[in-house]
Amino acid sequence: MSKLSKSLELWHRRLFLLLSGTIILSNIVSNILEVQLSHSTQIVALLIAVAVTGLPHGALDPLVARRAKLWRRGSGLLAFSLLYVFIAGAVFYLWVLFPGTTLAILLALSVWHFSGDWRAALPRSRCVAAATAVISAPAFWHYSEVVELFSYLAPAHAQLLASIMYCLAPVSLLSLLIVLGRARKKIPKVEVSTPLLIELGVLMLAATLLSPLVYFLVYFCLLHSPRHLLAVTRGFERIEVISYGVIFTLLSLSLALVTFFLLPDTGLDERLAQIVFIGLLALTVPHMLITEHASKLTTPQPPRSAT
């Protein structure tokens, strides 16, 4: 990794800690003053944050696919884009038909995908433990809010899915603490460093103190998306990154807008939640396929535990 890449990663980690810390402190102050953001306001804030920082990291998938030699010319880009949209659309349609089953599968896939955030520092099994803790923690501290959110996405299975996450949270967190403790002894300290532990600690604190919607904003928009952007933009010209990012982000927003008006009119909050979460989860499937394929071609194998 170049000095510039290391510098950018350090800058992002510091900025994440600063912004997440500010949000946590603001939440504490607002609780003291008994001033709370409405549920609608939180969803709108999350929607804006996803549009600004979340979608662009997936909008670079065509560039990642080109680097992986999945397409070379304009016709290849068109075919890639149509297949990408088809896969995401098929996943969204499966959710319409089987919301509970589809949501459960998508959440499991998200654990695997988000585990990539720590792949450079930990073996994949430990990354999965971290991702499971990160995703399931809100259900442990804010069970009723998670049930309400899932009721927008899979009404008949909301309580079951939230209960599974509630049970997974302490188990995954305990597993994470154990494996990190072992990792500090078996892997060089440069890999399992204090900043990494602080980062995971801040996420767990955020899951405890923040509402699930604001917590997801902190994790997805401030940590996951920028980290992915920094990783995939290495080696590309700035003009390529900006042009692809802007064009495909606008296309994604256009599809989201069309989908919003096609959904049943069950209420603004419910439809916005469906667009944000099911939309992102549906896009995660082709996005994950691309990133996993590309990582096998460009990324060295993660460290393995000495067991």
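As a reminder, the structure under discussion sits directly above these lines.
Treat the numbers as computed from the prediction; the structure is a model and nothing was measured.

Participant: Describe the overall build of the protein, and please don't skip the residues or the numbers.
Facilitator: Across its full length, the protein holds 12 helices and 0 strands. Start at the N end of the protein and walk to the C end: the helices and strands fall as α-α-α-α-α-α-α-α-α-α-α-α. Since a compact globule built from 307 residues should have a radius of gyration of about 19 Å, the 19 Å found for the protein is in line with a globular shape. Evaluated residue by residue, the protein yields a buried proportion of 47% over its 307 residues. In the protein, once contacts between residues fewer than 6 apart in sequence are set aside, the share between residues at least 24 apart is 78%. Summing over all exposed atoms, the protein offers an accessible surface of approximately 16,000 Å²; the carbon and sulfur share of this is 70%. Here the protein carries 23 positive and 14 negative side-chain charges, and the mean point of each set is 18 Å from the other.

Participant: Quick one: what's the story with the nonpolar core, residue by residue and with numbers?
Facilitator: Leu103, Trp118, Phe150 and Phe277 are the most contacted members of the largest nonpolar core, which totals 67 residues. If near-sequence neighbours (up to four positions away) are discounted, Trp118 is found in contact with Cys127, Ala130, Ala131, Val134, Leu196, Glu199, Leu200, Leu203, Tyr219, Leu223 and Arg227. Among the nonpolar cores identified, the runner-up in size contains 16 residues, and Val64, Phe80, Tyr84 and Tyr244 belong to it.

Participant: Any details on the layout of surface pockets? Residues and values, ideally.
Facilitator: Space inside the second largest pocket adds up to approximately 1,000 Å³. Mapped by element, the contributors of at least two residues to the lining of the second largest pocket are helix H2 (39-59), helix H3 (61-67), helix H4 (74-97), helix H5 (99-114), helix H10 (212-232), helix H11 (238-262) and helix H12 (268-298). The leading source of residues in the lining of the second largest pocket is H11, at 11 residues. Considered class by class, the residues forming the lining of the second largest pocket number 30 nonpolar, 12 polar and 1 charged.

Participant: Describe the side chain of Arg227, and please don't skip the residues or the numbers.
Facilitator: As for its placement among the helices and strands, Arg227 is situated in helix H10. When its relative accessible area of 16% is taken as the criterion, Arg227 is described as buried. Leaving out residues up to four positions away in the same chain, Arg227 has contacts with His12, Arg13, Asp117, Trp118 and Glu199.

Participant: Let's hear about empty space enclosed by the protein: which residues, and what values?
Facilitator: Scanning all chains against the criterion turns up 1 cavity of 30 Å³ or more. Quantified by volume, the largest cavity comes out at close to 380 Å³. Around the largest cavity, the lining comprises 23 residues; the ones closest to its centre are Leu107, Ile135, Met165, Phe216 and Phe277. Looking at which element gives the most residues to the lining of the largest cavity, the answer is H10, with 6 residues. Considering only residue class, the lining of the largest cavity consists of 21 nonpolar, 2 polar and no charged.

Participant: Give me the lowdown on the environment of Ser144, citing residues and values where you can.
Facilitator: Residue position: Ser144 is located in helix H7 (residues 143-153). Residues Ser144 and Arg271 lie 127 residues apart in sequence; the distance between their C-alpha atoms is 19 Å.

Participant: Explain the packing of aromatic side chains to me, using residue names and the numbers behind them.
Facilitator: In total, this model carries 12 aromatic pairs according to the counting rule given. Aromatic side chains Phe114 and Tyr219 sit 5.3 Å apart centroid to centroid with 85° between the ring planes, which places their arrangement in the edge-to-face category. Separated by 105 residues along the polypeptide, Phe114 in helix H5 and Tyr219 in helix H10 bring together distant segments of the chain. The same class applies to Phe114 and to Tyr219, which are both buried. Aromatic ring contacts, followed pair by pair, group Phe114, Trp118, Phe216, Tyr219, Phe220 and Phe277 into a single cluster.

Participant: Tell me about the packing of H4 against H5, and please be specific about residues and values.
Facilitator: Viewed as axis vectors pointing N to C, H4 and H5 meet at an angle of 135°, and their least axial separation amounts to 6 Å. Relative to H5, the element H4 is oriented oblique. On the side of H4, the interface is formed by Val91, Leu94, Trp95, Val96 and Leu97, while H5 contributes Pro99, Thr102 and Leu106. In the contact of H4 with H5, the residues fall into 7 nonpolar, 1 polar and no charged.

Participant: Give me the pattern of salt bridges: which residues, what numbers.
Facilitator: Here the structure, examined in full by the defined rule, presents 7 salt bridges. One salt bridge in this structure joins Glu292 and Arg119, with 3.1 Å as the shortest N-O distance. Here the residue Glu292 occupies a position in helix H12, and Arg119 occupies one in the loop between H5 and helix H6 (124-141), the gap between them amounting to 173 residues. Taking the relative accessible area as the measure of exposure, Arg119 reaches 17% and is therefore buried. In this structure, Glu292 and Arg124 form a salt bridge, with 3.3 Å as the shortest nitrogen-oxygen distance. Placement of Glu292 in helix H12 and of Arg124 in helix H6 is noted, with a sequence separation of 168 residues between them.

Cut-offs applied
Once a new chain begins, its residue numbering starts again from 1 and follows that chain's sequence as written. Given that this is a predicted model, residues contribute local features only at a pLDDT of at least 70 and side-chain atom pairs are listed and counted only at 80 or more, while totals for whole chains, interfaces and linings are drawn from all residues. Side-chain measures were taken over the full set of non-hydrogen atoms in the model, leaving aside hydrogen atoms and water. Helical segments are the DSSP runs of H or I of at least four residues, strand segments are the runs of E of at least two, and each set is numbered from the N terminus. Throughout, the radius of gyration refers to the C-alpha atoms, and the reference size of a globule is 2.2 Å times the residue count to the power 0.38. Three exposure classes are used, based on accessible area relative to the maximum for each residue type with a 1.4 Å probe and protein chains only: buried under 20%, partly exposed in between, and exposed over 50%. Throughout, a contact is declared for two residues whenever any of their heavy atoms are within 4.5 Å. Note that accessible areas follow from Shrake-Rupley with a 1.4 Å probe, and for residues the cover is restricted to the protein chains shown. Charged residues are defined narrowly, with Lys and Arg counted positive, Asp and Glu counted negative, and His plus the chain ends left uncounted. The atoms used to mark charge sites are NZ of Lys, CZ of Arg, CG of Asp and CD of Glu. Nonpolar cores are built from buried Ala, Val, Leu, Ile, Met, Phe, Trp, Tyr and Cys residues. Side-chain atoms within 4.5 Å join them into one set. Think of a 1 Å grid over the protein atoms and nothing else: a 1.4 Å probe that fits but is trapped marks a cavity, an open set flanked by protein within 12 Å on at least five of seven lines marks a pocket, and residues with an atom within 4 Å of a point count as lining. Grid points are joined across faces, edges and corners, and a volume is the space filled by probe spheres set on the points. All residues other than Ala, Val, Leu, Ile, Met, Phe, Trp, Tyr, Cys, Pro, Asp, Glu, Lys and Arg, Gly among them, are scored as polar; the first ten of these are nonpolar and the last four charged. Between the rings of Phe, Tyr and Trp (Trp by its six-membered ring), a pair exists once the centres lie within 6.5 Å; its type follows the angle of the planes, with under 30 degrees stacked, over 60 edge-to-face, and the other angles tilted. To obtain an axis, a line is fitted to C-alpha atoms, over the contacting stretch when the element is a helix, and the angle between two such axes runs from 0 to 180 degrees between their N-to-C directions. For classification purposes, angles smaller than 35 degrees are called roughly parallel, those larger than 145 roughly antiparallel, those between 65 and 115 roughly perpendicular, and all remaining angles oblique. We define a salt bridge as a side-chain nitrogen of Lys or Arg found within 4 Å of a carboxyl oxygen belonging to Asp or Glu.

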